[in-house]
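Per-entry structural report
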Amino acid sequence: MGAQLRVYKRRIRSVTATKKITKAMEMIAASRVVKAQRKVRSSSPYARELTRAVTAVGTGSDAKHPLTTEAENPTRAAVLLLTSDRGLAGAFNSNAIKAAEQLTERLEREGQEVDTYIVGRRGLAHYNFRERTVAESFTGFTDEPSYADAKKVAAPLIEAIEKDTADGGVDELHIVYTEFVSMMTQTALGSRLLPLRLEEVAEAGTSAAEAAASTKDEILPLYDFEPSAEDVLDALLPRYVESRIYNALLQSAASKHAATRRAMKSATDNAGELINTLSRLANAARQAEITQEISEIVGGAGALADANAGSDNS
């Protein structure tokens, strides 16, 4: 019985130590998600104005450009998948990976060859374990992405969209990321970055339907382009791709921290419940041990009394 009590006490100490760790991780994630939300909000004005500029050029000219012109029969597409470098975030990474696989299957059914680009060690490990080809990967900055990180990710994608498919280029560019809706809700979704579609250019914090409705009702001004609309689109192309990727990185970072906070809170609560259960079992074991010791003492005293009574009678 004493050995069982020691086992319970050892497990209680172990779970208590784990609870302290998960509680600390919950608090860290809660502080980081606030910072990530602030960055998402601060990136909105730039994304909104850049979207207006791209929309104005796209609707105000007949220029043939990868930013606005769709291929008649697209044969190759690039898919950028955003995951995290670390786990302990519930279904955050698995949902994003599942959305990317569904998008890839749809594009392949349409007859397109897909090149996969991955951000985050978790997504890269998933594809490497299954021996799937990855065109390029980026790691080490998913918790706090910067605009420089977005430029690094965007560079090979811009190069691919500007090339002909015969030279290894792509006709379409898609991105799969996790949209931060609220502290309790994060949604993995995919959208097409290029060629530009108006309904896909939703600003941060605005749904695609709302963005399309607001732009539909808006009267865009007429522009003259110097030196030409093609040159303006050439200048806007990298800025547009970089800003969209940067916003998606920020959305994914905020979603990951929110998912980590929720997962760690659940782990902390479960640890507390387990400690209470183990404490009740330890108390029951201790009570049983005390009861057994009392019974042994009473039994020994009775046996001693009977022995003394027998010696007196003899």
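Notes on the structure in this doc start here. Everything numeric in this text was worked out from a predicted model, so none of it was measured.

1. Things to note about the overall build of the protein chain
A tally of regular secondary structure across the protein chain gives six helices and five strands. The order of α-helices and β-strands along the protein chain, N terminus first, is α-β-α-β-α-β-α-β-β-α-α. Burial status across the protein chain gives 41% buried among its 314 residues. When contacts within the protein chain are restricted to residue pairs at least 6 apart in sequence, long-range pairs at least 24 apart make up 76% of them. By element, 51% of the accessible surface of the protein chain is carried by carbon and sulfur atoms, the whole surface being about 17,100 Å².

2. What to know about the packing of aromatic side chains
Enumeration according to the criterion identifies one aromatic pair in this entry. Summarising the aromatic geometry, the rings of Y147 and Y246 are spaced 5.3 Å apart at their centres and angled 75° between planes, so their arrangement reads as edge-to-face. Here Y147, found in helix α4 (residues 147-162), pairs with Y246, found in helix α6 (residues 229-313); they are 99 residues apart in sequence, far enough to count as distant. Here Y147 falls in the partly exposed class, since its relative accessible area comes to 26%. Lying over the aromatic face of Y127, R132 brings its terminal NZ or CZ to 5.5 Å of the ring centre.

3. Comments concerning the sheet that holds strand β2 (residues 113-119)
A sheet is described by the order of its strands in space; here five strands give the open sequence β3-β2-β1-β4-β5, paired in mixed fashion. Both edges of this open sheet fall to β3 (136-138) and β5 (186-194), since each of them pairs with a single strand only. Across this sheet, the average inter-strand angle for adjacent strands is 20°, counted without regard to direction. Pairing of strand β4 (residues 172-180) with β5 involves eight bridges; the strand directions are antiparallel. Among the inter-strand pairings, Y177 is bridged to a residue of β5, identified as L189. Most of the contacts of helix α3 (residues 121-129) go to β2, to which it runs at about 135°, and overall it touches β1 (76-82), β2 and β3.

What counts and how
Residues numbered from 1 in each chain as written. Predicted model: local features only at pLDDT ≥ 70, side-chain atom pairs only at ≥ 80, totals over all residues. Heavy atoms only, no water. Helix = DSSP H or I, 4+ residues; strand = E, 2+ residues; numbered from the N terminus. Buried < 20%, exposed > 50% of the residue type's maximum accessible area, 1.4 Å probe, protein only. Contact = heavy atoms within 4.5 Å. Areas by Shrake-Rupley, 256 points an atom, 1.4 Å probe, with all protein chains shown as cover. Phe/Tyr/Trp six-rings, centres within 6.5 Å; stacked < 30°, edge-to-face > 60°. Lys NZ or Arg CZ within 6 Å of the ring centre and 35° of its normal. Pairing = 2+ DSSP bridges. Axes fitted to C-alpha atoms, helices over the stretch in contact; angles between N-to-C directions.

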